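Summary of structural features
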Amino acid sequence: MQRNELHKHIISSAGELFYSQGYNSTGVNEIIKKCDIAKATLYSHFKSKEDICIAYLNQRHSVFMDSFKSYVENRKGSRAKLLAIFDLLRDMYLEENFQGCWALKTLGELSPDQTNILKVIQQQKKELLLYLGEIVGDTISNLSKAETEKISGGLYLLYESAVTESHLFKNDWPIFMAKSIAPSLFINAELA
């Protein structure tokens, strides 16, 4: 396996473990075993389990954002673009082994001194929120910055709660509920 492929293999394998059984419950030796590599090989790619986790979070976030942007681009009409995040979530929910948000799962396990991972998660959530703001700005006419932030923030909070609650209840009703509530955030807005 080429070095780049092996690097991706480590991230993918560790990520499966982190997502299914938790960050703290996954040991380095378990990652090594799942990857079928030597400890020295793992440490030639990553300095620590924390570094592997950050790479995993970055990989998952990148795939998510690419998928989300594709969903938005493929929707016709402003309303459909504004609600695209809930359609993506429903598709994610229908995938095998849906465990909720990988970032929030990891966040729930962090100790106060694990600030590097915390900063990565915060930055990724900010990026999502900013992209929602771009969608709002592109699809609703004549909004102030405060109105844009209110609508995008509301969409973000509905999405995040739908992710958590659909995982908690092992059901997709929270996704449908969030999607049905979301239009109330822009009911009086002038859609582009």
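A brief report on the enclosed structure follows. (Residues numbered from 1 in each chain as written. Predicted model: local features only at pLDDT ≥ 70, side-chain atom pairs only at ≥ 80, totals over all residues. Heavy atoms only, no water.)

**Here we look at the overall build of the chain**
A count of helical and extended segments in the chain gives ten helices and two strands. Along the chain, from the amino end to the carboxyl end, the secondary structure elements read α-α-α-α-α-α-α-α-β-α-α-β. Each of the three principal axes of the chain carries a C-alpha extent, and together these read 60 × 35 × 30 Å. Sequence separation of 24 or more characterises 69% of the internal contacts of the chain that already satisfy a separation of 6 or more. Here the chain has roughly 10,500 Å² of accessible surface; of this, 52% comes from carbon and sulfur atoms. (Helix = DSSP H or I, 4+ residues; strand = E, 2+ residues; numbered from the N terminus. Contact = heavy atoms within 4.5 Å. Areas by Shrake-Rupley, 256 points an atom, 1.4 Å probe, with all protein chains shown as cover.)

**Details of the pattern of salt bridges**
Tallied over the full model, the rule gives six salt bridges. Among the ionic pairs, lysine 179 bridges to aspartate 87, the shortest N-O distance being 2.6 Å. Here lysine 179, found in helix H10 (residues 173-181), pairs with aspartate 87, found in helix H6 (residues 84-94); they are 92 residues apart in sequence, far enough to count as distant. Overall, the relative accessible area of 29% leaves lysine 179 in the partly exposed class. With its nearest N and O atoms 2.8 Å apart, the salt bridge here joins lysine 125 to glutamate 160. In this pair, lysine 125 is assigned in helix H8 (residues 115-139) and glutamate 160 in helix H9 (residues 145-169), connecting sequence segments 35 residues apart. (Salt bridge = Lys/Arg side-chain N within 4 Å of Asp/Glu carboxyl O. Buried < 20%, exposed > 50% of the residue type's maximum accessible area, 1.4 Å probe, protein only.)

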